[in-house]
Amino acid sequence: MHFSSEPLAPPAPAHPGGGGADSGSCFVPPGGLPTEPTLRAHVMRMRSLRPGLHMHSDDTREPRDMVARTEIDEGVRIVLLLDGLVDVTYGQRRMSLRGSTAQPAALMVSVTEPDQFIRRTRRGGYARRVSLGLGLEWIAQAGVERAALTNLHIDLDYNALSSSLPDNVEVGYDGWS
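Note that this is a predicted model, so its numbers are computed, not measured. (Residues numbered from 1 in each chain as written. Predicted model: local features only at pLDDT ≥ 70, side-chain atom pairs only at ≥ 80, totals over all residues. Heavy atoms only, no water.)

Enquirer: It is not clear to me how the pairing of strand β10 (residues 126–135) should be interpreted in this structure. Could you clarify?
Expert: For a regular strand, side chains alternate in direction, first toward one face of the sheet and then toward the other. As defined by bridge partners, strand β4 (residues 53–61) adjoins β10 across 9 bridges and the pair is classed as antiparallel. Of the residues in β10, the one forming a bridge with T60 is A127. Strand direction decides the pairing type here: strand β6 (residues 75–90) and β10, joined by 9 bridges, are antiparallel. Its bridge partner lying in β10, G84 is registered against A127. (Pairing = 2+ DSSP bridges. Helix = DSSP H or I, 4+ residues; strand = E, 2+ residues; numbered from the N terminus.)

Put into structure tokens, the structure is as follows:
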């Protein structure tokens, strides 16, 4: 597995709904469909399997450079990269994942509050991947008796987060069991 994390570069200006043909940057409102054709096709491959459980798969070569931004809800994100390169940012953490058929790669991120998601592509770049999003709704409905959010940032308001979670989800802490 090849993984790198680097600070988030200052964001480029966003263009609602997909931007101009040469902008290379767009903002997609949560639940919205972009007007930019490549990004629209990408979003159309996303599937809601049940409340709080989403899947996306891709096996594509990128036709152009692009930066796409959207807001995502709290939950767990799992990316299985079977081949190629993925360059994404969750909140302030930028991650580049590289995989091959001989050595696939995986990434799992816990998003503890609604945050910004950024996806970057390069013309000619290739990625074959499957992504899963497991939200709090899925945890609440899946029959999980007890779940915990762990590895949380030090600046997180423990009480505010605890009060917003379903009854079977707790905020983990050192010594939690």
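Enquirer: Sorry, what's going on with the pattern of salt bridges here?
Expert: Any two side chains of opposite charge can pair, so long as their charged atoms come close to each other. Enumeration over the complete set of coordinates arrives at 6 salt bridges. Taking the shortest distance from any N to any O, the salt bridge between D58 and R45 comes out at 2.6 Å. Within this pair, whereas D58 is found in strand β4, its partner R45 is found in the loop between α1 (37–44) and β3 (46–50), the two being separated by 13 residues in sequence. Exposure remark for D58: the relative accessible area of 5% places this residue in the buried category. On the basis of relative accessible area, R45 is assigned to the partly exposed category, the value being 31%. Between R129 and D58 there is a salt bridge, with the nearest N and O atoms lying 3.3 Å from each other. (Salt bridge = Lys/Arg side-chain N within 4 Å of Asp/Glu carboxyl O. Buried < 20%, exposed > 50% of the residue type's maximum accessible area, 1.4 Å probe, protein only.)

Enquirer: What am I meant to see in α1 here?
Expert: Working note: α-helix, 3.6 residues per turn, so residues spaced by three or four point in the same direction. Considered for burial, the residues of α1 that qualify are L39, H42 and V43. Down the axis of α1, the buried side of the element spans an arc of 95 degrees, and every buried residue falls inside it. Among the structural elements, β2 (25–28), β3, β4, β5 (66–72), β9 (115–121) and β10 are those in contact with the buried residues of α1. (Arc of directions from axis to C-beta. Contact = heavy atoms within 4.5 Å.)

Enquirer: Can you walk me through the nonpolar core in this structure?
Expert: Inside soluble globular proteins, nonpolar side chains tend to come together where they are buried. Counting residues in hydrophobic clusters, the biggest one holds 14 residues, and the most contacted among them are V88, Y90, L97, L107 and V109. Of all elements in the fold, only β6, β7 (93–99) and β8 (105–111) reach the threshold of two or more residues within this core. Core analysis: the second largest hydrophobic core is formed by 7 residues, L136, A147, L161 and V171 among them. (Core = buried A, V, L, I, M, F, W, Y, C linked by side-chain atoms within 4.5 Å.)

Enquirer: Looking at this model, I keep getting lost on the side chain of R119. Mind explaining?
Expert: Examined against the element boundaries, R119 turns out to sit in strand β9. Engagement of the side chain of R119 in a polar contact is seen with the side chain of E62, the distance being 2.7 Å. If we skip the residues at most four places from it in the chain, R119 touches L39, H42, D58, E62, M66, V67, A68, D87, V88 and R129. (Polar contact = N/O pair within 3.5 Å; in protein donor to acceptor, adjacent residues only side chain to side chain.)

In short, geometric facts, not functional conclusions.
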